[in-house]
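Given next are the chains, with one letter for each unit.
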Amino acid sequence: MKKSSRARRMARHHGKHKAVATLNLTSLMDIFTILLIFLLVNNNNAAKLPDNQDIQLPESIAQELPTEVLTIQVSPMDIIVAGQKIADTETVRNQEERTVAALVEELNFRASQGLAVSPDEDREIMILADRSVPYSVIKKLMRSCMETPYTQVAFAVLKVAEEEEE
């Protein structure tokens, strides 16, 4: 059977444009390379402190970076251990006891849940206290920590740049 001229022309046209579609990976690889370099350069190995807008940390020129440890956040209103409210700051300030019973109970519970730590090893805890919190509250928190396995107490501060002397 003979094909019409139109059918031959259409067959020729379809034959020319029958190539398989290809994906150019060069541009995609460039984008991923740039993204990888950006993430590596901006990766900060310093431990991130919990972000709480109620707490204004004191400033310091300390050079040591914080490590990942259990944190106690002390705002002017609340005392929070690892995201869980333990007590009111004002209640702790006004109490006669020298320790905070709820904090001792929580820290002992967390110490009992800890794995791969020998019982006689001291554990570390970090206190993030607002600069306006009275020292009497911080003193009670520190004394409470000393009654638990969390005897290494550290304080979080904001690092400020040292001013060069002229």
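Since the structure is predicted, the reported quantities are computational estimates derived from the model, not experimental observations.

A. Expanded view of the overall build of the protein. Within the protein, the regular secondary structure consists of five helices and seven strands. For the protein, the succession of helices and strands along the chain, N to C, is α-α-β-β-β-β-α-α-β-α-β-β. The 166 residues of the protein split such that 26% are buried. Restricting to contacts in the protein with at least 6 residues of sequence separation, those with at least 24 account for 68%.

B. Local environment of the nonpolar core. In terms of nonpolar packing, the biggest core is built from 21 residues, with Ile72, Val74, Leu103, Leu107 and Leu141 touching the most fellow members. Going through the elements one at a time, strand S2 (70–74), strand S3 (78–81), strand S4 (84–88), helix H4 (101–113), strand S5 (124–129) and helix H5 (135–146) are the ones with two or more residues in this core. Of the residues forming this core, the biggest block, four residues, is contributed by H5. Those residues in contact with Ile72 that lie beyond four places of it in its chain are Ile79, Ile80, Val81, Leu103, Ile125, Met126, Ile127, Leu128, Leu141 and Cys145.

C. The pattern of salt bridges, seen in detail. Counting across every chain of the model gives four salt bridges. Through salt bridges with shared partners, one network takes in Asp78, Lys85 and Asp88.

D. Structural context of a positive patch on the surface. A surface patch of positive charge is lined by Lys2, Arg6, Arg8, Arg9, Arg12 and Lys16. Its location among the elements puts Arg8 in helix H1 (residues 5–16). Residue Arg8 is classed as partly exposed on the basis of its relative accessible area of 45%.

E. Inspection of a nonpolar patch on the surface at higher detail. Judged by side-chain polarity, Leu23, Leu25, Leu28, Met29, Phe32, Leu35, Phe38 and Leu39 come together as a nonpolar surface patch covering roughly 850 Å² of accessible area. Inspection of the secondary structure assignment puts Phe32 in helix H2 (residues 25–42).

F. Local environment of the side chain of Thr148. Among the structural elements, Thr148 can be located in the loop between H5 and strand S6 (152–155). Polar contacts involving the side chain of Thr148 include one to the main-chain carbonyl oxygen of Cys145, which spans 2.7 Å. Excluding residues within four positions of it along the chain, Thr148 makes contact with Val104, Leu107 and Asn108.

G. Fine view of the environment of Met146. Inspection of the secondary structure puts Met146 in helix H5. Spatially, the C-alpha atoms of Met146 and Val104 are 8.9 Å apart, while their sequence positions differ by 42 residues. Residue contacts for Met146: discarding those within four places in its chain leaves Thr151 and Val153.

H. A look at the pairing of S5. For S5, a buried count of five out of six residues is recorded, marking the element as mostly surrounded by other parts of the structure. With four bridges joining them, S5 and S6 adopt parallel strand pairing. When the bridges of S6 are listed, Met126 appears paired with Ala154. The β-α-β motif built from S5, the intervening H5 and the parallel element S6 has right-handed crossover chirality.

What counts as what
Residues numbered from 1 in each chain as written. Predicted model: local features only at pLDDT ≥ 70, side-chain atom pairs only at ≥ 80, totals over all residues. Heavy atoms only, no water. Helix = DSSP H or I, 4+ residues; strand = E, 2+ residues; numbered from the N terminus. Buried < 20%, exposed > 50% of the residue type's maximum accessible area, 1.4 Å probe, protein only. Contact = heavy atoms within 4.5 Å. Core = buried A, V, L, I, M, F, W, Y, C linked by side-chain atoms within 4.5 Å. Salt bridge = Lys/Arg side-chain N within 4 Å of Asp/Glu carboxyl O. Patch = residues over 30% accessible without salt bridge, like charges linked within 9 Å, V, L, I, M, F, W, Y side chains within 5 Å. Areas by Shrake-Rupley, 256 points an atom, 1.4 Å probe, with all protein chains shown as cover. Lys, Arg positive; Asp, Glu negative; His and termini not counted. Charge placed at Lys NZ, Arg CZ, Asp CG, Glu CD. Polar contact = N/O pair within 3.5 Å; in protein donor to acceptor, adjacent residues only side chain to side chain. Pairing = 2+ DSSP bridges. Right-handed = clockwise from strand over helix to strand, strands pointing away.

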